[in-house]
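What follows is the residue order along each chain.
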Amino acid sequence: GQQLNQSPQSMFIQEGEDVSMNCTSSSIFNTWLWYKQDPGEGPVLLIALYKAGELTSNGRLTAQFGITRKDSFLNISASIPSDVGIYFCAGPINSGGSNYKLTFGKGTLLTVNP
Amino acid sequence: DGGITQSPKYLFRKEGQNVTLSCEQNLNHDAMYWYRQDPGQGLRLIYYSQIVNDFQKGDIAEGYSVSREKKESFPLTVTSAQKNPTAFYLCASSIVGGLAALSSYNEQFFGPGTRLTVL
């Protein structure tokens, strides 16, 4: 099925370090979305990718749409304490006709030590 | 401000009681979704609706019910048939388009969530 495998499951880093996480699938995706969820809150969309090979930045965050369309990467540079949270990747799967719903990875829990 | 609101933030209920979680959006989005989140499980889709008066089951619909009488509102009822209802519930919305696989129509925007605890 169109499941997303996200890794690593968790990361413990020091403030100032760079972070890299990825999401892979056995199926092709035409869109990759990256969300961040702060503790006790709803996920917030960080970056959306629509084209294979696309590299998009949002401040210290950079995400890439893999050329094979089966993977995506999210990098955070010079981490700060407020980067703490769970990062999810997501992609659309067909729910019938022209209707799509999202499937989500299980998330990467990021802890930043000041 | 445009956005999605969920109420209440925290909800406590006794076992065996039905409970309804509210979700309202003023983004003029056609589609709305309900997810359940458990530790280490990611987001699992309960129900979704892409148009008023129509909705479909997601991956874990058993023990839940929804209605979509208005475009802005998509309440979720957790019934007594749901065997393990304690969880964090998230509502989301998105626009709907003909080329949904290839465009920003896939972007879902989430509410702040409701944490339900059944005692």
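Just so we're clear, the structure is a prediction, and the values are computed from it rather than from any experiment. (Residues numbered from 1 in each chain as written. Chains lettered and ligands numbered in written order. Predicted model: local features only at pLDDT ≥ 70, side-chain atom pairs only at ≥ 80, totals over all residues. Heavy atoms only, no water.)

K.L.:
An account of the environment of E15(A) is requested, with residue identities and associated values reported.
P.N.:
Residue and element names in this part refer to chain A. Relative to the helices and strands, E15 resides in the loop between β2 (10–14) and β3 (19–24). Take E15: its relative accessible area is 42%, and that puts it in the partly exposed class. Separated by 23 residues in sequence, E15 and D38 have C-alpha atoms that sit 17 Å apart. Excluding its chain neighbours within four sequence positions, the residues that come into contact with E15 are S79, I80, P81, V112, N113 and P114. (Helix = DSSP H or I, 4+ residues; strand = E, 2+ residues; numbered from the N terminus. Buried < 20%, exposed > 50% of the residue type's maximum accessible area, 1.4 Å probe, protein only. Contact = heavy atoms within 4.5 Å.)

K.L.:
Go over the state of the cysteines, please, and point to the residues and values.
P.N.:
As used in these notes, a disulfide is a covalent bond between sulfur atoms, one from each of two cysteines. One pass over the full model with this rule turns up two disulfides over all chains. Across a sulfur-sulfur distance of 1.8 Å, C23(A) and C89(A) are joined as a disulfide pair. Because the sign of the S-S torsion sets the handedness, a value of about 45 degrees for the bond joining C23(A) and C89(A) places this disulfide among the right-handed ones. Of this pair, C23(A) sits in strand β3 while C89(A) sits in strand β9 (residues 85–96), and the two are 66 residues apart along the sequence. Exposure class is identical for C23(A) and C89(A). Each is buried. Residue pairing for C23(B): its cysteine sulfur links by disulfide to C91(B), the two sulfurs lying 1.9 Å apart. Since a negative S-S torsion denotes a left-handed disulfide, the C23(B)-C91(B) link at about -75 degrees is left-handed. Of this pair, C23(B) sits in strand β3 (residues 19–25) while C91(B) is found in strand β9 (residues 87–94), placing the two residues 68 residues apart along the sequence. Residue class for C23(B) comes out buried when judged on its relative accessible area of 1%. (Disulfide = S-S within 2.5 Å.)

K.L.:
Talk me through the pairing of strand β6 (residues 54–57) of chain B; I want residue IDs and the actual numbers.
P.N.:
Alignment of strand β5 (residues 42–51) of chain B against β6(B), held across three bridges, turns out to be antiparallel. Considered in β6(B), the bridge of I51(B) is made with D54(B). (Pairing = 2+ DSSP bridges.)

K.L.:
Describe the environment of L110(A), and please don't skip the residues or the numbers.
P.N.:
All names here are of chain A. One can find L110 in strand β11 (residues 108–113). On a C-alpha basis, the gap between L110 and Y87 in space is 7.6 Å, while along the polypeptide they are 23 residues apart. If we skip the residues at most four places from it in the chain, L110 touches M11, I13, V19, I76, D83, V84, G85 and Y87.

K.L.:
Break down the packing of aromatic side chains for me, citing the residues and quoting the values.
P.N.:
According to the stated counting rule, one finds 10 aromatic pairs over all chains in the structure shown. Their ring planes at 50 degrees and their centres at 5.9 Å tell us that Y35(A) and F104(A) sit as a pair that is tilted. Here the residue Y35(A) occupies a position in strand β4 (residues 32–37), and F104(A) occupies one in strand β10 (residues 99–104), the gap between them amounting to 69 residues. A relative accessible area of 9% means that F104(A) is categorised as buried. Consider the rings of F104(A) and Y35(B), whose centres lie 5.4 Å apart with planes at 85 degrees: the pair is edge-to-face. Placement of F104(A) in strand β10 and of Y35(B) in strand β4 (residues 31–38) is noted, with the two residues assigned to different chains. One aromatic cluster is present, formed by Y35(A), F104(A), Y33(B), Y35(B), Y48(B) and F110(B) through successive ring pairs. Residue placement shows R68(B) over the ring face of F74(B); its charged tip is 6.0 Å from the ring centre. (Phe/Tyr/Trp six-rings, centres within 6.5 Å; stacked < 30°, edge-to-face > 60°. Lys NZ or Arg CZ within 6 Å of the ring centre and 35° of its normal.)

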